Amino acid sequence: MACGLVASNLNLKPGECLRVRGEVAPEAKSFVLNLGKDSNNLCLHFNPRFSAHGDTNTIVCNSKDGGAWGTEHREPAFPFQPGSVVEVCISFDKTDLTITLPDGHQFKFPNRLNLEAINYLAADGDFKIKCMAFE
């Protein structure tokens, strides 16, 4: 995967929502949104996989603490289509991150790092960010 967008000093606070709108590539295999403190400390690795790493139409979430990956969580909902424009909203509090998918489906992923602010965002893979908003 080519290196995509990297943003730091976001200062996203609990209760705030990060909306990411972008275009999924027509021949998409997977894309990644990483959120956390830095590249080695991620409270959320959000990885929709169209056909990658042995998964098909599955969202894989994980965390990374000091460079060590945690236990993967697989979410069966998959409202992504190659070649479409999608929006994902991510908010968090002390215990969980809440991910709202393009079809309105929500699921929670534990805030394993207990972060009080999200300062780092990286996007990679078959996804081109068009717009980001903090609410």
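Residues numbered from 1 in each chain as written. Predicted model: local features only at pLDDT ≥ 70, side-chain atom pairs only at ≥ 80, totals over all residues. Heavy atoms only, no water.

## Details of the state of the cysteines
Part 1 of the argument: Here the structure, examined in full by the defined rule, presents one disulfide.
Part 2 of the argument: Cysteine Cys43 remains unbridged, with the sulfur of Cys61 as its closest cysteine sulfur at 11 Å.
Part 3 of the argument: In this structure Cys43 comes out as buried when scored by relative accessible area, which is 0%.
Part 4 of the argument: Free cysteine Cys131: the closest other cysteine sulfur is in Cys17, separated by 12 Å.
Part 5 of the argument: When its relative accessible area of 35% is taken as the criterion, Cys131 is described as partly exposed. (Disulfide = S-S within 2.5 Å. Buried < 20%, exposed > 50% of the residue type's maximum accessible area, 1.4 Å probe, protein only.)

## Some details on the UniProt feature "domain: Galectin" (unreviewed entry) in the protein
Part 1 of the argument: The UniProt feature table records "domain: Galectin" (unreviewed entry) at residues 4-135.
Part 2 of the argument: Annotated as residues 4-135, this span is 0% helix and 66% strand, and its ends, taken at the C-alpha atoms, are 23 Å apart. (UniProt positions renumbered as here; feature names shortened; annotations may be inferred. Helix = DSSP H or I, 4+ residues; strand = E, 2+ residues; numbered from the N terminus.)

## Focus on the pattern of salt bridges
Part 1 of the argument: Tallied over the entire structure, the rule returns eight salt bridges.
Part 2 of the argument: The partner of Glu87 in a salt bridge is Arg19, and the shortest N-O contact between them spans 3.0 Å. Within this pair, whereas Glu87 is found in strand β8 (residues 85-92), its partner Arg19 is found in strand β2 (residues 17-24), the two being separated by 68 residues in sequence.
Part 3 of the argument: For Glu87, a relative accessible area of 24% gives the class partly exposed.
Part 4 of the argument: The partner of Arg19 in a salt bridge is Glu135, and the shortest N-O contact between them spans 2.8 Å. Residue Arg19 is located in strand β2, and its partner Glu135 is located in the segment after β12 (127-134); the two are separated by 116 residues in the primary sequence.
Part 5 of the argument: Taking relative accessible area as the criterion, Arg19 reaches 28% and is therefore assigned partly exposed.
Part 6 of the argument: Salt bridges linked by common partners bring Arg19, Arg21, Glu87 and Glu135 together as one network. (Salt bridge = Lys/Arg side-chain N within 4 Å of Asp/Glu carboxyl O.)

## A word on the environment of Leu12
Part 1 of the argument: Mapped onto the fold, Leu12 is located in strand β1 (residues 3-12).
Part 2 of the argument: Sequence spacing of Leu12 and Asp65 is 53 residues, and the spatial spacing of their C-alpha atoms is 19 Å.
Part 3 of the argument: When sequence neighbours within four positions are dropped, the list of residues in contact with Leu12 reads Cys17, Leu18, Ile90, Phe92, Glu116, Ala117, Ile118 and Phe134. (Contact = heavy atoms within 4.5 Å.)

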